[in-house]
Amino acid sequence: MDPAGALAGRRPRRTRPRGGPGTDRYPRSRGLDFGPMASTPTAPTSWSPRTRSRGEIARWSRTMIPTLREAPAEATTPSHRLLLRAGYIRQVAAGVYDYLPLAWRSLTKIAQIVREEMNGAGASEMLMPALVAMELFEETGRAQDYGDDLFRLKDRHGRPTALGPTHEEVITAFLRDAVTSYRQLPLALYQIQTKFRDEPRPRAGLLRCREFIMKDAYSFHLNVEGPGGLNETYDAMYKAYCNVFSRCGLDFTVVEAESGPIGGSASHEFMVNCETGEDTILRCPASGYAANVEKCEIGARAWSFEGAAAAPLAKVHTPGMPGIETVASFLGVEAAGMLKTIVLEPAPGVDSGGVAWVLAVVRGDHEVNTGKVRDAIGFKVVLADEKKARAAGFAIGYVSPRAAAAAPGGALLVVDPDAAQGDLAWATGADEPNHHVTGFSWSRDLGAPTADARYVKVADARNAVVGDPSPRAKGSTLVAQRGLETGHIFKLGTKYSDAMGFAVMDEGQQKSSVIMGCYGIGVSRTMAACVEMSHDENGIIWPAAIAPYHALLVLMKPADAEHARVAESLAGELADAGLDVLIDDRDERPGVKFKDADLVGLPVRITIGEKALAAGGVELKGRRDPGKGEVVPLDQVRERCLAALTA
RNA sequence: CGGGGUGUAGCGCAGUUUGGUAGCGCGUCUCGUUCGGGACGAGAAGGUCGGAGGUUCAAAUCCUCUCACCCCGACCA
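Cut-offs and rules
- Residues numbered from 1 in each chain as written.
- Chains lettered and ligands numbered in written order.
- Predicted model: local features only at pLDDT ≥ 70, side-chain atom pairs only at ≥ 80, totals over all residues.
- Heavy atoms only, no water.
- Axes fitted to C-alpha atoms, helices over the stretch in contact; angles between N-to-C directions.
- Helix = DSSP H or I, 4+ residues; strand = E, 2+ residues; numbered from the N terminus.
- Parallel < 35°, antiparallel > 145°, perpendicular 65-115°, else oblique.
- Contact = heavy atoms within 4.5 Å.
- Nonpolar A, V, L, I, M, F, W, Y, C, P; charged D, E, K, R; others polar.
- Near = heavy atom within 4 Å.
- Polar contact = N/O pair within 3.5 Å; in protein donor to acceptor, adjacent residues only side chain to side chain.
- Pairing = 2+ DSSP bridges.
- Core = buried A, V, L, I, M, F, W, Y, C linked by side-chain atoms within 4.5 Å.
- Buried < 20%, exposed > 50% of the residue type's maximum accessible area, 1.4 Å probe, protein only.
- Domains from an automatic or database assignment.
- Phe/Tyr/Trp six-rings, centres within 6.5 Å; stacked < 30°, edge-to-face > 60°.
- Lys NZ or Arg CZ within 6 Å of the ring centre and 35° of its normal.
- Salt bridge = Lys/Arg side-chain N within 4 Å of Asp/Glu carboxyl O.

### Points about the packing of helix α1 (residues 78-85) against helix α13 (residues 523-533)
It is the contact of α1 with α13, at a shortest axis distance of 8 Å, that shows an interaxial angle of 105°. Comparing the axis directions of α1 and α13 gives the class roughly perpendicular. Contacts from P78, S79, L82 and L83 of α1 reach α13 at A528, V531 and E532. The class makeup of the residues in the contact of α1 with α13 is five nonpolar, one polar and one charged.

What follows is the structure, given as structure tokens:
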């Protein structure tokens, strides 16, 4: 491993001849002449094995880094403002951006890290088209499910086509033809490609785009367990994802997640930790357990329907107050002292065992989680259609747990433990419009059904909140943390293979559905998340591994031949050590250059100026270091640079 | 798709209430003086005022329609 190996993410490069005299055909009109352009790539004359890796050298004056003193008004998120100001991106349309040279270098480095880790996990890279025939999405029903998020177009023959938002269908269609024997499994394939999703609301620059770069991987198995099974690859991917984000220099948390509309059975999200993240995750500091709000389990809570009624049941006129907050303040109670009863119905097409309604009861300050309700009762539920529910006699907005007993066709009551407290006098709906009751007691006012497990289940039925008991460590409570989702892995199961008829003969000569996993990383989002996570008021602060260049050589006097000579020789030396170097050779005032240096955020800044040169050195400063930097003798620059980058 | 907001020079904005032929700062170009944290002076270029209709002698400004972008929500890599 070369000394800079820890920088990671650099592709080993083939040796290329350094430009000889005369390779620079176009004389530069101004600025300095570094002689031959040392970093001009020249095609190797013949194949040669990789012998060493050399960094690249670029000149600010010869590339395009349009920094802005003021951020465009439309940018409000830090990463959006900084990527725009520092000359990394330009907006072309809502959620559509140009990736300028600096951004592209970073993206390339992230992609390369992803590649290495995917290959290491046994996956093979390929590339599928962005253009997808609509009939493929029809096969799985996702033409419908995706709805308007799918970019749709017609070709000249009028054939319905889409721009791929993800490629489960495409790869499944390919493999159901190409995989002819179980012996070809397991298999993991991936691509790094532009995806298209017509987001209802693109926002925050690169964080939510309609066109973005994503790595999507798919794995195919005969079994879930055992060698070659889904779990094996899933675990390998899990590790690979941890490696990717660690190597990128990101601070991240892995959380358990709902698998969402993409379907499947298990899933983890990889979240970059940052205050401005759009997702809230909950974490148990004692056990390390983390999950998103929807998925997060809650530790055991004591409950009982037993208990004496503390107050008589009283009906109160509460005109036009269906919302908990307004009623609570009207009644003079806390939201936490109310019972919220949400009317649910079995999802279309599920076998509910004859149950027509499901009433979920949570405390007034909590939110019902339909996924948890599903887990409690064994079938999927959705929010009841309001008209239908009213017709069935539910006073929507004023429903109480008692409505379950009165409901035609029977209703199942799912009560969250925090709501199943018998010794409290609750405020809740009166089951008639514009009225609530106070003094509600489970045992007195609902009575016998509370003991009947066929009608009443007590189970976790709500979203977790900060302060809830940890599901993994007794005595520990959940804390909240913000994050940005940059990776997501799913166990898909046979959802797509079944829908698309992808099955193979197994060893026992039985037709067997292929089991799938899918694994995504938002590459462009990862770059933005990194900026979101790592910046200060002056600009971006790149981790070395994905910085567009490792070092910035700032020439105080670009016109000075001696300065130019030092810059050239230093740049060459650093490149030889494997560093990518950007030379700020612009004829600009020092202040401008320093401001731009901080904005662009390269990890190491080397200032070549009179004062340090007189002392036999240059100034070296890490992006996070305060001040002007430290004077370092020329012959130690390389070493100090590498040390700074690997720190 | 609901709610809010903004479109005037590359960027940031004023001008719109009360119609009178477009302005400021930054940036850009030229010359000079400068040169270690976004210099100074002098000069210059750059705008179908988002678009289309309409009212008017006259529209950035008033009316109608439309498009784009941003923010909050619903939704999400």
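### Here we look at the protein's contact with RNA strand B
Residues in contact with RNA strand B amount to 42 residues; listed here are only the nearest, A73, R208, E485, D598 and E619. A share of 48% of the atoms of RNA strand B within 4 Å of the protein falls on sugar and phosphate groups. At a separation of 3.2 Å, a base nitrogen of RNA strand B approaches a polar side-chain atom of D596. When residues of the surface near RNA strand B are traced back to their parent elements, those giving at least two are β2 (89-93), α15 (590-600), β30 (604-608) and α16 (610-614). Here the surface near RNA strand B takes eight residues from α15, the largest share from any one element. Of the residues in the surface near RNA strand B, the class split is 16 nonpolar, six polar and 20 charged.

### Considerations on the pairing of strand β7 (residues 160-163)
The side chains of a regular strand alternate between the sheet's two faces. Pairing of strand β5 (residues 131-133) with β7, which is carried by three bridges, proceeds in the antiparallel orientation. Bridge pairing links A133 to T161 in β7. Sheet topology note: the strand β6 (residues 151-154)/β7 ladder contains four bridges and is antiparallel. Among the inter-strand pairings, L153 is bridged to a residue of β7, identified as T161. Counted along the chain from β6 to the antiparallel partner β7, the turn is five residues long, and its residue G158 has a positive phi close to 85°.

### As for the nonpolar core
Counting 70 residues, the largest nonpolar core has Y88, M118, Y241 and W542 as the members making the most contacts within it. When residues are assigned to domains, this core turns out to be shared by domain 1 (3-56 + 549-646) and domain 2 (102-130 + 164-296 + 479-530), each giving three or more. Ranked by size, the runner-up nonpolar core spans 29 residues in total, among them M134, Y146, I171 and C518.

### Some words on the packing of aromatic side chains
Per the counting criterion, the structure on display carries 10 aromatic pairs. Taken together through their ring pairs, the aromatic side chains of Y238, Y241, F245, F252 and F270 make up a single cluster. Positioned over the ring face of Y234 is K491, at 4.8 Å from the centre of the ring. One Lys or Arg, R586, reaches over the ring of W60 and ends 4.1 Å from the middle of that ring.

### Here's the deal with the sheet that holds strand β14 (residues 314-317)
The strand order across the open sheet built from three strands is β14-β20-β19, with neighbouring strands paired in antiparallel fashion. In the strand order of this sheet, the two ends are held by β14 and β19 (426-429), each with one partner. On average, each strand axis in the sheet is inclined to that of its neighbour by 30°, with strand direction left out of account. As paired elements, β14 and strand β20 (residues 435-440) share four bridges and run antiparallel to each other. From the neighbouring strand, H317 faces β20, where its bridge partner is H435.

### Some points on the environment of V399
Relative to the elements of secondary structure, V399 occurs in the loop between α9 (386-391) and α10 (403-406). Here the alpha-carbon distance between V399 and V343, two residues 56 residues apart in the chain, equals 8.1 Å. With residues near it in sequence (within four places) discarded, V399 still touches T341, V343, L359, F394, T428, G429 and D431.

### Side note on the sheet that holds strand β15 (residues 339-346)
Spatially, β17-β15-β16-β18-β21 is the arrangement adopted by the five strands of the open sheet, whose pairing is mixed. Every interior strand has two partners, whereas the edge strands, β17 (381-383) and β21 (456-458), have only one. Averaged over all adjacent pairs, the angle separating strand axes in this sheet is 30°, with direction ignored. Relative to strand β18 (residues 411-415), strand β16 (residues 357-363) runs parallel, the two sharing five bridges. Counted as the bridge partner of L359 is L413 from β18.

### Here we look at unusual backbone geometry
Looking along the chain, the bond that leaves L185 and enters P186 is cis, with omega of 0°. Here P186 lies in the loop between α5 (168-178) and β8 (187-196). Not every positive phi belongs to a glycine, and D431 is a case in point at roughly 60°. In the Ramachandran plot, Q509 falls in the positive-phi region, its phi being about 60° despite a non-glycine side chain. Following the sequence through the fold, Q509 ends up in the loop between β23 (503-505) and β24 (511-513).

### Remarks on the pairing of strand β12 (residues 279-283)
As judged from the five bridges shared by β12 and strand β22 (residues 479-493), these two strands associate in the antiparallel manner. Pairing of L282 across the sheet is with A480, part of β22. Examined bridge by bridge, β12 and strand β13 (residues 290-292) share three bridges and lie antiparallel to one another. Looking at the pairing, L282 lines up with A291 of β13. Taking the residues between adjacent antiparallel strands as the criterion, β12 and β13 are bridged by six residues, where G288 takes a positive phi near 85°.

### Comments concerning the pattern of salt bridges
Where side chains of opposite charge bring their charged atoms close, a pairing between them can arise. Counted by the stated rule, this structure contains 33 salt bridges. E116 serves as the salt-bridge partner of R247, at 2.7 Å between the closest nitrogen and oxygen. Residue R247 is found in helix α6 (residues 230-247), and its partner E116 is found in helix α2 (residues 101-120); the two are separated by 131 residues along the sequence. For R247, a relative accessible area of 23% gives the class partly exposed. Among the residues examined, E116 registers a relative accessible area of 26% and is labelled partly exposed. R176 serves as the salt-bridge partner of E139, at 2.9 Å between the closest nitrogen and oxygen. A residue pair is termed long-range when its members are at least 10 positions apart, and E139 in helix α3 (residues 134-140) and R176 in helix α5 qualify at 37 residues. You can call R176 partly exposed: its relative accessible area is 25%.

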